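# A closer look at the structure
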Amino acid sequence: MLLTVLSYVMIIVFMFVIMKKKMSPFTALVLIPLIFALIAMFAGVSKKGSIGDFVMEGIKTTSTTGIMLLFAILYFSIMLDAGLFDPITKKMIHIAKGDPMKVLIATAVVAAAVSLNGDGTTTTLICCSAFIPIYKKLDMKLMNLAVIVILQNTIMNLLPWGGPTARAMSVLNVGAEILAYLMPGMIIALLYVIFIVAPSMGRKERARLGIKQLTDEEIDAMTTVTDEETLAIRRPKIWLFNAILTIILIALLVTDSFVGLGLPPLFLFLTGTVIALMVNYPVLKDQSSRIGANGGDAVQVVILVFAAGVFMGLFQGTGMAEALAQSFTKIIPNQLAGFWGLVIAVISAPGTFFISNDGFYFGVLPVLAEAGRAYGFTDMQMALASLMGQAFHLLSPLVAFIYLLLRLTGLDMGQWQKESAKWALGIFIIFVVTIVLTGHMPLYIPQ
């Protein structure tokens, strides 16, 4: 009982200090779970083990992601320095002609397409590298960019190679037909972001900035690089090589997601970074300069990823995550048995936000599914229901790549979560309504 109380209090305290800006995400991710883990151990309610063991186990789960992020950030930073995205930025501003609405819709379309690979890190790096210069040149809010990117990635993350769907399939032993059942909701949700969310943001930006009727000459002047230090690191003569290298890298990332080439993202980004440095900056002094200039941003993100590993290690190692999972089933009244599919859908939202996907699908879902079978729900229905909460999962401070998104856009986590959550609620509703209306999950089974 005490462990369950500690788990709830820890989450409340953690979210409070983050939302109220009492602590930075880095310090909160380490100190808050450490304090509560020590309390649990001194009270004798923690699982057996040492703080060090719990921390190391947690860091193991995020170490590969952290190292991959390091080289992914370095790679795209080098491409940005070399000027790979300059022509893309220039072309898109020419198409938008100063209209924020067109830029925001383009953001939604590109984010959806790039998210096909199921990797949030790649999506964030590509979208931010291409669009941040445009947003800054037009004085648009980077908050809108960060929200749209995360919403589209949230939807596409339901593809089996994205992670949560594969976990639900394995835990409840359901087949690949689950994707066909999810597809109507995913398509409608994508259209919702492109034709409702982005235009809504666009109207506000139009009201704030107006539609700038820019001539081609004005756009050329706006997008021409004049800073001498920036020009010194640009490599326009190698633009085609950089473009081909980046396309090959992304193609391999996507292909590996589908067929498993045995080429993990960490290896691909590491190799890409080495090649990019050697070709664009063959002088060793220049290579060191580029690593030094971009290394700070990479380290800022990586330390947050490892801090998230500490949080997960202490939360799960002490048994607080398991206690929280068990409490979900005990606090639900028996009168809701006939609505068990909807109950799982609702629980999956906070469940996948406060607990890692592994913790929810391998720890919480089996317990919920056992009760659901007794109430007449099939494994497929419960698997679908458990995925509805993914609408909010990527807003969690336990998701590593959001620190990269926040770092690149310079946004505060709490404000970004609030802004994203109100649109994510629409995605959640779309997911639930579509699986109910298509008959893949009953709203109620009489008991």
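Coordinates for the structure precede this section.
Just so it is clear, the model here is predicted, and its values are computed rather than measured. (Residues numbered from 1 in each chain as written. Predicted model: local features only at pLDDT ≥ 70, side-chain atom pairs only at ≥ 80, totals over all residues. Heavy atoms only, no water.)

With that settled, the discussion passes to the overall build of the chain. Counting its secondary structure elements, the chain contains 21 helices and 0 strands. Relative to its length of 447 residues, the chain is compact, with a C-alpha radius of gyration of 23 Å against a globular reference of 22 Å. Seen along its three principal axes, the alpha-carbon backbone of the chain occupies a region of about 70 × 50 × 45 Å. Looking at the chain as a whole, 53% of its 447 residues qualify as buried. For the chain, restricting intrachain contacts to residue pairs at least 6 apart in sequence, the fraction spanning at least 24 positions comes to 80%. Total accessible area computed for the chain in this model is approximately 18,900 Å², and 68% of it derives from carbon and sulfur atoms. Computed over 29 positive and 25 negative side-chain charges, the inter-centroid distance for the chain is 5 Å. (Helix = DSSP H or I, 4+ residues; strand = E, 2+ residues; numbered from the N terminus. Rg over C-alpha atoms; globule rule 2.2 N^0.38 Å. Buried < 20%, exposed > 50% of the residue type's maximum accessible area, 1.4 Å probe, protein only. Contact = heavy atoms within 4.5 Å. Areas by Shrake-Rupley, 256 points an atom, 1.4 Å probe, with all protein chains shown as cover. Lys, Arg positive; Asp, Glu negative; His and termini not counted. Charge placed at Lys NZ, Arg CZ, Asp CG, Glu CD.)

Below, the discussion takes up the packing of aromatic side chains. Tallying each qualifying case throughout the model produces 11 aromatic pairs. Arranged with centres 5.8 Å apart and planes meeting at 50°, the rings of Phe311 and Phe315 form a pair that is tilted. Here Phe315 and Phe311 lie together in helix α14 (residues 284-317), a separation of 4 residues that amounts to about one turn. Accessibility classification places Phe311 together with Phe315 in one group, the buried group. Taken together, the aromatic side chains of Phe14, Phe311 and Phe315 make up a single cluster linked through ring pairs. (Phe/Tyr/Trp six-rings, centres within 6.5 Å; stacked < 30°, edge-to-face > 60°.)

Moving on, we come to the environment of Ala251. Mapped onto the elements of the fold, Ala251 is located in helix α12 (residues 239-259). When the C-alpha atoms of Ala251 and Leu284 are compared, they prove to be 29 Å apart, with 33 residues separating the residues in sequence.

Non-glycine residue Asp139 carries a positive phi angle of around 60°. Residue placement: Asp139 occurs in the loop between α6 (120-137) and α7 (142-156). A positive phi angle is found at Asn173, which is not glycine, with a value near 55°. With respect to the element layout, Asn173 can be found in the loop between α8 (164-172) and α9 (178-209).

Our focus in this paragraph is the pattern of salt bridges. Opposite charge on two side chains permits pairing when their charged atoms draw close. Inspection of every chain in the model, using the stated rule, returns 8 salt bridges. Note that Arg290 is salt-bridged to Asp81, the shortest N-O span being 2.8 Å. A residue pair is termed long-range when its members are at least 10 positions apart, and Arg290 in helix α14 and Asp81 in helix α3 (residues 51-82) qualify at 209 residues. Using a relative accessible area of 11% as the deciding quantity, one classes Asp81 as buried. With a closest N to O distance of 2.8 Å, Arg373 and Asp379 form a salt bridge. (Salt bridge = Lys/Arg side-chain N within 4 Å of Asp/Glu carboxyl O.)

Let us look at the environment of Leu190. Along the chain, Leu190 turns up in helix α9. Look at Leu190 and you get buried, because its relative accessible area is 17%. In this structure the C-alpha to C-alpha distance between Leu190 and Asn153, which are 37 residues apart in sequence, comes to 9.7 Å.

Before going further, it helps to spend a moment on a nonpolar patch on the surface. A cluster of nonpolar side chains, contributed by Phe241, Leu270, Val274, Ile275, Met278 and Val279, occupies part of the molecular surface with about 450 Å² of accessible area. Counting residues per element, the nonpolar patch draws most heavily on helix α13 (residues 265-280), which supplies 5 residues. One can find Ile275 in helix α13. On the basis of relative accessibility, which here comes to 31%, the residue Ile275 falls in the partly exposed class. (Patch = residues over 30% accessible without salt bridge, like charges linked within 9 Å, V, L, I, M, F, W, Y side chains within 5 Å.)

Take the packing of α9 against helix α21 (residues 413-437) next. Relative to each other, α9 and α21 sit at 150°, their axes nearing to 9 Å. One finds that α9 runs roughly antiparallel with respect to α21. Our pair here, α9 against α21, has a crossing hand that is right-handed. For the pair α9 and α21, contact is made by Tyr181, Gly185, Met186, Ile188, Ala189, Tyr192, Val193, Val197, Ser200, Met201 and Lys204 and by Lys422, Trp423, Gly426, Ile427, Ile430, Phe431, Thr434 and Ile435, respectively. (Axes fitted to C-alpha atoms, helices over the stretch in contact; angles between N-to-C directions. Parallel < 35°, antiparallel > 145°, perpendicular 65-115°, else oblique. Left-handed = near helix turned anticlockwise from the far one by under 90°.)

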